Amino acid sequence: MKDLKILGIVVAFALILYYGVEPFAHSQMHKHVEFKGFKYKDLKDIPKGDPKKGETLAASCAGCHSIKAAGMKAPMDAMASSAAYGVNPPDLSLAGKMLDEKFFANFLVNPAKVTKSKHFAMPPSAGSLQDAADIVAYFKEVAKKAEETTETEAKKIANEKVEKLKKSGIKVSDSQSKEIVSKTVKNAKNKEAFVFACGRCHANRYGKWTQLGDVPKTKPDINTGVDLAKIDFQKNLGAYQIKLAKYMGKLPPDLSIIVRARSEDYLKTFVEDPQTQLPGTAMPRVGLTNEGYEEVLGYLESTGDPSKEKRESTAPWVIGFFVIFTLLAYGWYKSQWKGLH
Amino acid sequence: MAHFDENAKPFSHKWLNERLAVDTLKRVLSTEYWIPKNINFLWAMGMVLAATFGMLLISGIFLLMYYQPNTQLAFDSVNYTIMSEVGYGWLWRHIHGVGASVVFLIIYIHMFTGIYYGSYKRGRELIWLSGMLLFVAFSAEAFSGYMLPWGQMSYWAGMVITNLFSGGSLHATGLVEWIRGDYVPSQAFLNRFFMLHVLLIPLAIIGLIVFHFGTLRIPHVNNQDGEEFDFDAEAEKWKAGQKKESKVIPFNPVFLSKDVFVMGVYFILFFFLVFYNFEFAMDPVNFDPANPLKTPTHIYPEWYFLWSYEILRPFSTNIGLIAFAFAQVIFFALPFLDRSPNVAPASRRGPFKYWFWILLVDMLILTFMGKLPPVKPWGTIGYVAAVIFIILWIALPFITKSEKKL
């Protein structure tokens, strides 16, 4: 009984200590920013858009942007674009899905104001909120197509993987192969979301992503070890990053393990409105939908905390082992101390 | 030359006994190493500490196989190679990180147990002193290890702590550069802290653990009432089968059986933290790579150094350094500052009872304030708590001298 009383005191002190140096300290060190659910209430409501009209209006977007899902290529490559604008404009295939429609339409009317970024490269691109709403309606349709393409491609890759496994003699049950497919599709969607929302300013070296795209697979020359293709790529990337740093004021940070460097709450509120957490930052308000943000976060978690699944599946075994160990030890202890008092 | 039986088979019991005295060793170190019976689970903290050190050592060996002590590579070798390319690398890292934090919690429990029961007094001074040396060695080990991931907090904590050696108005910048091997923390700095962390300090710790065990052997472990008794006589009772009457138990298997049980409970908690709540041991700021051009908004040490950091911080530079130095060494003096002849739990010792709890709460407050930014009211609370800490230690000889003999 005395042991339990002492244990109570020790545990109470340890918990007070934990509360003081963790939750309490963090609540005092970081200012609280209210999360508003990616609703963008400060912006004007938009009228219903007509995708047909939007398609015509969107033709001018292709002057700078590519829209792969609609078969439109970028007029300039990333290097030339960054020389012209400071940053490479995004492919717009997913814009209709990733961006909140209200944000998107208001953004087209006045990009600098809506992004809260003083030197945003994109000029106002819609004459009225109605035009903007039409363009948004069009991009929503494009995004559906883009998503379908992503899904079909990911499924194809996943199925090939399953076939390969089966061929090498590994038994793959139906539920397992379904899981592989759904995981591959999810990962592909998450990555595309990240690329659209963050990928032209932020690298993710653990995901092998650079501002110029995936790190290309190159091979060094066998006699000398020189990898010219790699050096070329690095030179281009360096040039791009210098331009980007000039445009943004500094090189935006690599996001490989940002999920461990910032709290979930910070990331969410920061992405929703960067100025609230970091006044004066060059990062624009991106205008993501909740769904779009979840996908971006999914990708960031996959590079920043890749062991999550394994951790959760290993935990019960290790803790279970020690529970059994403790029960046996208790038996031993009781047998040894029997009749001592 | 001792007598060796020619017919003893190699590695047989007799053969080993003649060469190693295994029977004697076993008797002296385990089956007839007597521990008082009147103890509670806090007496198991020593073994819990040894086991945690074992976890740190084993996980450290695995991490060492992939860690790169290079300012360009260190961060990614920890956060990428070990976390995603090495099988179960994440597990070893989280064991190491959580272990480094939890080991200090147990050390503090172990220390305050010693203070509460007066286990540093009369004959047990060396136990306390060797324990304090271990505390210092563990602190150095923790600090040097904290440098290795080469994140923002590694870099800036390294900067701040090495700066302390400039001695305020002494401006001993030469000494600081000598410690760093450069003007600022850099490759030379990382390399030497790596060496300290994986070789020199662990060696010292292992030596000190042996010494700490050695200091226990003659004065024996204290008991819950601070009662002094004849261990030999009590041991005879045990050996004669009067187990109920005897005040002692053998280390092995009786004491050990309780230790192992406590260790089991402890490891359930330990691995709960490793798998589900490891973030407290791995500061988010350290997941940003070291950047000499960008000072983090808040620089603070890990929780176990916060109380002494807060004794440094609220004062002006020179006074702060003196107060800090005072806080670092004063615990060593405990056996000599406590003038009371009583070996008893604090609850039976008059004013010392209050001294103990005030010290504990004061250090808890210092710990809280050490992490918070030094603004109102936290700065003021920290200042008052730091002054109280110093006053408590100055008052100790006086209040213990007036203590009545029990």
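Note that this is a predicted model, so its numbers are computed, not measured.

Caption draft 1: Spatial organisation of the pattern of salt bridges. All told, the structure shown has 30 salt bridges over all chains when counted by the stated rule. Notably, a salt bridge pairs Lys14(B) with Asp5(B), separated by 2.5 Å at the nearest N-O pair. Accessibility expressed as a relative area gives 45% for Lys14(B), which makes it partly exposed. Each of the salt bridges in this network shares a partner with another, and the network as a whole consists of Lys97(A), Glu147(A), Glu151(A), Lys189(A) and Glu295(A).

Caption draft 2: Highlighting the interface of chain B and chain A. Each side of the interface is counted separately: chain B has 58 residues, and chain A has 48 residues. Here chain B and chain A share 4 salt bridges between them. The interface formed by chain B and chain A contains 16 residue pairs in polar contact (both at pLDDT 80 or more). Contributing elements (two or more residues each) for the side of chain B that touches chain A: helix 4 (74-85), helix 5 (89-116), helix 11 (251-276) and helix 15 (351-371) of chain B. If one sorts the elements of the side of chain B that touches chain A by residue count, helix 11 of chain B sits on top with 15 residues. Grouping the amino acids of the side of chain B that touches chain A by side-chain chemistry returns 41 nonpolar, 10 polar and 7 charged.

Caption draft 3: Main features of the packing of aromatic side chains. What the rule picks out here adds up to 67 aromatic pairs over all chains. Ring plane angle 40 degrees and centroid distance 5.7 Å describe the contact between Phe251(B) and Phe255(B), whose orientation is recorded as tilted. One end of the pair, Phe251(B), and the other, Phe255(B), are both in helix 11, 4 residues apart, so they sit about a helical turn from each other. Across this residue pair, the class does not change: Phe251(B) and Phe255(B) are buried. Measuring from centroid to centroid gives 6.3 Å for Phe331(B) and Phe389(B), while their planes differ by 45 degrees, and the two rings are tilted. Here the residue Phe331(B) occupies a position in the loop between helix 13 (317-330) and helix 14 (334-337), and Phe389(B) occupies one in helix 16 (residues 378-401), the gap between them amounting to 58 residues. Phe389(B) matches Phe331(B) in its accessibility class, with the two residues each being buried. Grouping aromatic residues by their ring pairs yields a cluster made of Phe321(A), Phe322(A), Phe325(A), Tyr88(B), Trp90(B), Tyr266(B), Phe267(B), Phe270(B), Phe271(B) and Phe275(B). The ring of Trp337(A) has Lys258(B) lying over it, and the distance from NZ or CZ to the ring centre is 5.5 Å. One Lys or Arg, Arg349(B), reaches over the ring of Phe352(B) and ends 3.8 Å from the middle of that ring.

Caption draft 4: Spotlight on the packing of helix 2 (residues 51-58) of chain A against helix 7 (residues 129-167) of chain A. Residues and elements named next belong to chain A. In the contact formed by helix 2 and helix 7, the axes pass within 7 Å of each other and the chain directions differ by 95 degrees. Regarding the angle of helix 2 to helix 7, the classification is roughly perpendicular. Along the contact surface, helix 2 presents Pro 51, Lys 53, Gly 54, Glu 55, Leu 57 and Ala 58, while helix 7 presents Asp 131, Asp 134, Ile 135, Ala 137, Tyr 138, Phe 139 and Glu 141. Looking at the contact of helix 2 with helix 7, its residues break down into 7 nonpolar, 1 polar and 5 charged.

Caption draft 5: Spatial organisation of the domain arrangement of chain B. Residue and element names in this part refer to chain B. Annotation of chain B at the domain level lists domain 1 (32-299) and domain 2 (303-406). Each of domain 1 and domain 2 has a C-alpha centre, and these two points are 22 Å apart. The partner domain 2 presents 35 residues to the 35 residues of domain 1 that form the contact. Buried area between domain 1 and domain 2, summed over both chains or domains, comes out near 3,000 Å², and the portion from carbon and sulfur atoms is 69%. Area buried by domain 1 at its contact with domain 2 is led by Phe 112, Tyr 116 and Lys 121, which between them contribute 23% of it. Here domain 1 is connected to domain 2 by 2 salt bridges. In this structure, the salt-bridge partner of Arg 348 is Asp 225, at a minimum N-O distance of 2.6 Å. There are 14 residue pairs in polar contact (both at pLDDT 80 or more) connecting domain 1 and domain 2. Going through the elements one at a time, helix 5 and helix 6 (125-147) are the ones with two or more residues in the side of domain 1 that touches domain 2. Partitioning the side of domain 1 that touches domain 2 into residue classes produces 19 nonpolar, 10 polar and 6 charged.

Caption draft 6: Fine view of the environment of Leu366(B). Residues and elements named next belong to chain B. Positionally, Leu 366 belongs in helix 15. By relative accessible area, Leu 366 is classed as buried at 0%. In sequence terms Leu 366 and Ala 386 are 20 residues apart; their C-alpha atoms lie 6.9 Å from each other. Beyond its immediate sequence surroundings of up to four residues, Leu 366 is in contact with Leu 306, Trp 307, Glu 310, Ile 311, Gly 382, Ala 385, Ala 386 and Phe 389.

Caption draft 7: The environment of Lys44(A), seen in detail. All names here are of chain A. Topologically, Lys 44 is positioned in the loop between helix 1 (2-29) and helix 2. Its relative accessible area of 61% is what places Lys 44 among the exposed residues. Between the C-alpha atoms of Lys 44 and Lys 102, which are 58 residues apart in sequence, the distance is 7.4 Å. In contact with Lys 44, not counting residues within four places along its chain, are Lys 102, Asn 106 and Leu 129.

Caption draft 8: Quick look at a nonpolar patch on the surface. Residue and element names in this part refer to chain B. Judged by side-chain polarity, Leu 57, Ile 58, Ile 61, Phe 62, Met 65 and Tyr 66 come together as a nonpolar surface patch covering roughly 560 Å² of accessible area. Along the chain, Leu 57 turns up in helix 3 (residues 45-64). Take Leu 57: its relative accessible area is 38%, and that puts it in the partly exposed class.

Caption draft 9: View of the packing of helix 15 of chain B against helix 16 of chain B. Residue and element names in this part refer to chain B. The interhelical angle for the contact between helix 15 and helix 16, taken along N-to-C directions, is 155 degrees, at an axis separation of 9 Å. With respect to helix 16, the axis of helix 15 lies roughly antiparallel. In the crossing of helix 15 with helix 16, the sense of the turn from one axis to the other is left-handed. Between helix 15, through Pro 351, Phe 352, Trp 355, Ile 358, Leu 359, Asp 362, Met 363, Ile 365, Leu 366 and Met 369, and helix 16, the contact on the second element is made entirely by Trp 378, Ile 381, Gly 382, Ala 385, Ala 386, Ile 388, Phe 389, Leu 392, Trp 393, Leu 396, Ile 399 and Thr 400. Partitioned by chemical class, the residues of the contact of helix 15 with helix 16 number 19 nonpolar, 2 polar and 1 charged.

Caption draft 10: Summary view of unusual backbone geometry. Of note, the bond from Asn252(B) into Pro253(B) is cis; its omega dihedral lies within 30 degrees of zero at 5 degrees. Position of Pro253(B) among the secondary structure elements: in helix 11. A cis amide bond links Lys376(B) to the next residue, Pro377(B), at an omega of -5 degrees. By the secondary structure assignment, Pro377(B) is in the loop between helix 15 and helix 16. A positive phi angle, near 60 degrees, is found at Lys116(A), a position not held by glycine. For Lys116(A), the position within the fold is in the loop between helix 6 (111-115) and helix 7. A positive phi angle is found at Arg122(B), which is not glycine, with a value near 30 degrees. Along the chain, Arg122(B) turns up in the loop between helix 5 and helix 6.

Cut-off values and rules
- Along every chain, residues carry numbers that run from 1 in the direction the sequence is written.
- As they are written, the chains are lettered A onward and the ligands numbered 1 onward, keeping that order.
- Selection of residues for local features in this predicted model requires a pLDDT of at least 70, selection of side-chain atom pairs for listing and counting requires 80 or more, and totals for whole chains, interfaces and linings are taken over all residues.
- Note that water and hydrogens are dropped before the side-chain values are worked out from all heavy atoms of the structure.
- Counted as salt bridges are all cases of a side-chain nitrogen of Lys or Arg within 4 Å of a carboxyl oxygen of Asp or Glu.
- Only protein chains enter the accessibility calculation, which uses a 1.4 Å probe. A residue is then buried if its area is under 20% of the maximum for its type, exposed if over 50%, and partly exposed in between.
- Every residue pair with non-hydrogen atoms within 4.5 Å of one another is taken to be in contact.
- Polar contacts, as used here, are pairs of N or O atoms within 3.5 Å; protein pairs need one atom able to donate a hydrogen and one able to accept it. Residues neighboring in sequence count only if both atoms are side-chain atoms.
- Note on conventions: DSSP H or I runs of at least 4 residues are helices, E runs of at least 2 residues are strands, and numbering of each starts at the N terminus.
- Just so you know the grouping, Ala, Val, Leu, Ile, Met, Phe, Trp, Tyr, Cys and Pro go in nonpolar, Asp, Glu, Lys and Arg go in charged, and all remaining residues, Gly too, go in polar.
- Two rings from Phe, Tyr or Trp (for Trp, the six-membered ring) form a pair when their centres sit within 6.5 Å of each other. Planes less than 30 degrees apart are called stacked, planes more than 60 degrees apart edge-to-face, and all others tilted.
- Geometrically, a charge over a ring is one whose NZ (Lys) or CZ (Arg) sits within 6 Å of the ring centre while staying within 35 degrees of the ring normal.
- Between N-to-C directions, angles span 0 to 180 degrees; the directions come from axes that are lines fitted to C-alpha atoms, helices contributing only their stretch in contact.
- For classification purposes, an angle smaller than 35 degrees is called roughly parallel, one larger than 145 roughly antiparallel, one from 65 to 115 roughly perpendicular, and anything else oblique.
- Residue ranges for the domains trace back to a domain assignment, done automatically or taken from a database.
- What gets called buried area is simply the loss in accessible area from a 1.4 Å probe that two parts show on being joined, summed for both.
- Residues forming no salt bridge and having over 30% relative accessible area are the ones grouped into patches, like charges within 9 Å of each other and nonpolar side chains (Val, Leu, Ile, Met, Phe, Trp, Tyr) within 5 Å.
- Each accessible area is a Shrake-Rupley result for a 1.4 Å probe, and residues are judged covered by the shown protein chains and nothing else.
- Two helices crossing with the near one rotated counterclockwise from the far one by less than a right angle form a left-handed crossing, whereas a clockwise rotation gives a right-handed crossing.

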